[in-house]
Amino acid sequence: MIESTLISRNLAIGIGIQNFPEGLAVSLPLHAAGFSTLRSLWYGQLSGMVEPVFGVLGALTVALATPVLPYALAFAAGAMIYVVVDDIIPEANTNGNGKLATWGAILGFLVMMTLDVGLG
């Protein structure tokens, strides 16, 4: 019971951390396209509203797809890293914040790897 709670907590922390670049990937291009800051933030938040619904559907699917799960999760992680490197870092370079964005991506990757190894 306690191990299940710890695994659930670790998963929730990981999902919460990965939601920051996901929201940025939606909000920053909208803001660059001329949307107001508030409207860009709103659409970024709306993009996350589908997560609880599809989280339940995903949990049901995982029960059926257990053998392929490690490969699917690796693909999802790679996709998120690609979004950060391909969208956010070049956008930051145009505003003179390229080094900060690059180091932020590296630090985020290190935090997630530390959480993965340290918390199991």
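See the structure printed just above.
About the thresholds
- Residues numbered from 1 in each chain as written.
- Predicted model: local features only at pLDDT ≥ 70, side-chain atom pairs only at ≥ 80, totals over all residues.
- Heavy atoms only, no water.
- Helix = DSSP H or I, 4+ residues; strand = E, 2+ residues; numbered from the N terminus.
- Buried < 20%, exposed > 50% of the residue type's maximum accessible area, 1.4 Å probe, protein only.
- Contact = heavy atoms within 4.5 Å.
- Areas by Shrake-Rupley, 256 points an atom, 1.4 Å probe, with all protein chains shown as cover.
- Phe/Tyr/Trp six-rings, centres within 6.5 Å; stacked < 30°, edge-to-face > 60°.
- 1 Å grid on protein atoms, 1.4 Å probe; cavity = no way out; pocket = protein on both sides within 12 Å on 5 of 7 lines; lining within 4 Å.
- Points joined across faces, edges and corners; volume = space filled by probe spheres on them.
- Nonpolar A, V, L, I, M, F, W, Y, C, P; charged D, E, K, R; others polar.

1. So, the overall build of the protein chain
On a plain count of helices and strands, the protein chain comes out with 5 helices and 0 strands. Going from the N terminus to the C terminus, the protein chain shows its helices and strands as α-α-α-α-α. Taking the principal axes of its C-alpha atoms as reference, the protein chain extends roughly 45 × 30 × 25 Å. Considering the protein chain as a whole, with its 120 residues, one finds that 11% of them fall into the buried category. For the protein chain, restricting intrachain contacts to residue pairs at least 6 apart in sequence, the fraction spanning at least 24 positions comes to 54%. Counting only carbon and sulfur atoms, one obtains 75% of the accessible surface of the protein chain, whose full area is about 9000 Å².

2. Structural notes on the packing of aromatic side chains
Throughout the structure, instances matching the rule amount to 1 aromatic pair. Taking 5.9 Å as the distance between ring centres and 90° as the angle between the ring planes, the aromatic pair formed by F35 and Y43 counts as edge-to-face. What makes F35 partly exposed here is its relative accessible area of 29%. The class for Y43 is partly exposed, based on a relative accessible area of 30%.

3. Quick look at the side chain of S40
Among the structural elements, S40 can be located in helix 2 (residues 37–48). Contacts of S40, omitting those with residues within four sequence positions, involve S27, L30, H31 and F35.

4. Quick look at the layout of surface pockets
Each pocket or cavity is described by its volume, and for the second largest pocket that value is around 340 Å³. Lining the second largest pocket are 16 residues, with G23, L24, S27, G44 and Q45 positioned closest to its centre. For the lining of the second largest pocket, the elements supplying multiple residues, two or more each, are helix 1 (2–32) and helix 2. No other element matches the 8 residues that helix 1 contributes to the lining of the second largest pocket. Here the lining of the second largest pocket is built from residues that sort into 4 nonpolar, 10 polar and 2 charged.

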